[in-house]
Every structure is written in structure tokens, then in C-alpha cells.
Amino acid sequence: MSAFRSPIIVAPLLTCCVITVSACNGGVQPITRSITPSIGSLYAVRGTVDGFNQACVTPNPTPAAPNPQTWWAGIDPQTRQSKVAVGYEFWSNSNPSCGTSRHDVYRGVASYDLASLAALSTPSTPIQSLITSAKIQLIIGAGTPAAVALGSCVPNFGGVASVDQLRPGYTVLTGLTDVPVVPPVVGVPEFPAGANSTSLTGVAVPGTSGRLTTSVGGLGQTIVVVDVKDLLTGALTRGDATFGIMLVGTAETLLTSAGDPQVDCRTLVTVGTLEVQHV
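Counting starts from 1 at the beginning of each chain's written sequence and moves along it residue by residue. With pLDDT at 70 or above as the cut-off, local features in this predicted model cover only qualifying residues; side-chain atom pairs require 80 or more to be listed or tallied, and sums for whole chains, interfaces and linings still use all residues. Where side-chain values are given, they derive from all heavy atoms of the structure, hydrogens and water being excluded.

## Here's the deal with the nonpolar core
Part 1 of the reasoning: Ile136, Leu138, Leu232, Phe243, Val271 and Leu274 are the most contacted members of the largest nonpolar core, which has 34 residues in total.
Part 2 of the reasoning: It only takes one pair of heavy atoms within 4.5 Å for two residues to be counted as in contact. Not counting chain neighbours up to four residues away, the residues in contact with Phe243 comprise Ala110, Ser111, Tyr112, Leu114, Ile136, Gln165, Val228, Leu231, Leu232 and Ala235.
Part 3 of the reasoning: Buried residues of nine kinds, namely Ala, Val, Leu, Ile, Met, Phe, Trp, Tyr and Cys, make up a nonpolar core once their side-chain atoms join them within 4.5 Å. Note on exposure labels: buried denotes an accessible area under 20% of the residue type's maximum, exposed denotes more than 50%, and partly exposed covers the range between, all computed with a 1.4 Å probe on protein chains only. If you look at the next biggest cluster of nonpolar residues, it comprises 19 residues, including Ala44, Phe90, Ala251 and Val263.

Rendered as C-alpha cells:
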């Protein structure tokens, strides 16, 4: 008879112990919230195909001069909706006596709406005081070129040099947007202002450096997780409506060459959701 009673007595005791341990270790479990970004790509064109020299444009230029919008339109729609372009393309006219060149630079931008987080604040407890973790994952596309003599094209990160915090209030336009270059003499693109720049230069894969943690993804991709907790809490404290990041390219200083180089270091990057944990 006792052999049958023993399990009936022990089972409730085990259940009680589990509840007690959970309460002792636990308290409140963190809540995870995901915010999907609005993403876009920016590019600026510097240089010329020498349109004033008829010998350079009929039937040249050689090879055909780059057309960023045609390149972007040739990418499948799903990729265009989920990735941003970062890096550069350098083109030079190989036709004799046509020593002209083009240096096109690309940046990716992403913006996260903070309304859902701000709504969690109370007069006595702002949400930023409850955040325990905030991260964004970047997936840098496979097939990025190896290092080249002209400019910089890193094997692990392709044309991506750094992750910057985007200035508050910047409106991200979807697709590929042409950025003006002013003043024309200097040829500096009017990219949006950034702050709190985090460089990818010298970061090991896999490895951790500062706010960056890298790992090897499938199909040759590189995964970068960016810790943005301090930047996000700062944005919420200021009352910013959005939090944004900007991916800056590796070769933005104007390149020139008297030779015949053609370098394409445009890298496609997936910018993930903003993953926020709070108690």
C-alpha cells in the first residue's frame, strides 16, 4: 500500500520546490520588444565621364559609365526592400587621352520609431530606466571583394567601415536616393550628420570589440551585433521620436587615378530589428 502512496506525496513536494526556486531566482522576467526599421540607401556621384570631349563619349566612354539607379533596379525587389547599399564604386575612362574618372560613394540608413517604447513610461518611472539590453544585428552580404589597391574593400566587411548614430529627426527615404555634392569644387557629399561612430576596422571575426560582437554567418556572410543600450537610453531621455543608425563606407575620400582601374565595392547589408529588453 505504501509503495503506491509514495509518488502521490513526493510529486506535490517537487512542484512546490520548483515554484520556490523560480521565485527566489526570479522576480520579474525581462520583456523583449522588437522594432522594425525604415531603411534606405544614399549615394553621391563625384567626377565626370568627360562629356565635353567628343572623342571620349562617341562611341565611348569605355567601359560604360556607372548608372547607380540602373544597378539598383536590377536587384530583385525583395532584396531592395530588406537591404541597404554601403561602399563605393570607382570607374575610369580607358579611352586614350580621356583621363577622367568617377568615384561614387554609398551609405545605408535605418530609423526606428520610439513611440511604442516612450508610451511605456510613467511620471515616476521612465522606460529608459528599465531597459536592460538594446541591440541591432547587421548581416553583411556574402561575396564581398577582397582588399584592393585603390580604396579599401575589406574581406569580412566589404565596403562597410563604421556604424554611426544618425542625428535625431532625420527622415529615412526608402530605396536609393541621390545625395547632392556641394560645393562642386570640393565635391563633398551632403550626407546626413552622424555621431558616436563605431569603427569596424581591425575588428576580428569572430570576436568582440567595444559595442560590436561579430560571428561567421552562413554562405560567407558576416554577422555584427551592435550594442546600442546607452545610445537608445540617451535618445529616450532627450525625448527623440526616432533612433537611427548610418552605415558609412570604407573609401569616401575622393579617389583619383591616371591608370585604368574599375573597382566595385558596393556591399548589401541587412539591418535587423531593434531588440530591446526591459523589466
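From this point, the narrative continues.
## Details of the state of the cysteines
Part 1 of the reasoning: Any two cysteine sulfur atoms within 2.5 Å of one another count as a disulfide. Tallied over the full model, the rule gives two disulfides.
Part 2 of the reasoning: One disulfide in the model links Cys56 with Cys98; its S-S distance is 1.8 Å. Negative torsions about the S-S bond denote left-handed disulfides, and the value of about -100 degrees found for Cys56 with Cys98 makes this one left-handed. Taken together, the residues span a long stretch of sequence, with Cys56 in helix 2 (residues 54-57) and Cys98 in the loop between strand 3 (83-92) and strand 4 (101-113) at a distance of 42 residues. Comparing Cys56 with Cys98 shows no difference in burial state: the two are buried.
Part 3 of the reasoning: Paired through a disulfide, Cys153 and Cys265 show a sulfur-sulfur distance of 2.0 Å. Between Cys153 and Cys265 the disulfide shows an S-S torsion of about 95 degrees. By sign, it is right-handed. Separated by 112 residues along the polypeptide, Cys153 in the loop between strand 5 (131-140) and strand 6 (160-166) and Cys265 in strand 13 (residues 263-278) bring together distant segments of the chain.
Part 4 of the reasoning: A relative accessible area of 1% places Cys153 in the buried class.
Part 5 of the reasoning: By relative accessible area, Cys265 is classed as buried at 0%. Counting from the N terminus, the helices are the DSSP runs of H or I reaching at least four residues and the strands are the DSSP runs of E reaching at least two.

## Remarks on the environment of Thr267
Part 1 of the reasoning: Relative to the assigned elements, Thr267 resides in strand 13.
Part 2 of the reasoning: Since its relative accessible area comes to 2%, Thr267 is described here as buried.
Part 3 of the reasoning: Taking the C-alpha atoms as reference points, Thr267 and Val86, separated by 181 residues in sequence, lie 5.2 Å from one another.
Part 4 of the reasoning: Sequence-distant contacts of Thr267, that is, excluding residues within four places in its chain, are made with Val84, Ala85, Val86, Ile140, Gly141, Thr144, Phe157, Gly158, Gly159 and Val160.
Part 5 of the reasoning: Polar contacts, as used here, are pairs of N or O atoms within 3.5 Å; protein pairs need one atom able to donate a hydrogen and one able to accept it. Residues neighboring in sequence count only if both atoms are side-chain atoms. There is a polar contact of 2.8 Å between the side chain of Thr267 and the backbone nitrogen of Gly159.

## Some words on the pairing of strand 11 (residues 222-227)
Part 1 of the reasoning: Only when DSSP finds a minimum of two bridges between them are two strands counted as paired. Here six bridges tie strand 5 to strand 11, and the two strands are oriented antiparallel to one another. Looking at strand 11, one finds that Gln137 is bridged to Val225.
Part 2 of the reasoning: From the end of strand 10 (residues 212-216) to the start of strand 11, which pair antiparallel, there are five residues, and Leu219 there has a positive phi angle of about 60 degrees.

## A few points about the environment of Cys153
Part 1 of the reasoning: C-alpha of Cys153 to C-alpha of Val263: the two residues are 110 residues apart in sequence and 9.4 Å apart in space.
Part 2 of the reasoning: With residues up to four places along the chain from it excluded, the contact list for Cys153 reads Tyr88, Pro145, Ala146, Ala147, Val148, Gly158, Thr250 and Cys265.

## Re the pattern of salt bridges
Part 1 of the reasoning: The salt bridge criterion pairs a side-chain nitrogen of Lys or Arg with a carboxyl oxygen of Asp or Glu, the two atoms within 4 Å. This structure, assessed with the given rule, holds six salt bridges.
Part 2 of the reasoning: Among the salt bridges present, the one from Asp240 reaches Arg238, with a minimum N-O distance of 2.8 Å.
Part 3 of the reasoning: For Asp240, a relative accessible area of 15% gives the class buried.
Part 4 of the reasoning: With its nearest N and O atoms 2.8 Å apart, the salt bridge here joins Arg266 to Asp264.
Part 5 of the reasoning: Under the relative-accessibility criterion, Arg266 is labelled buried at 15%.

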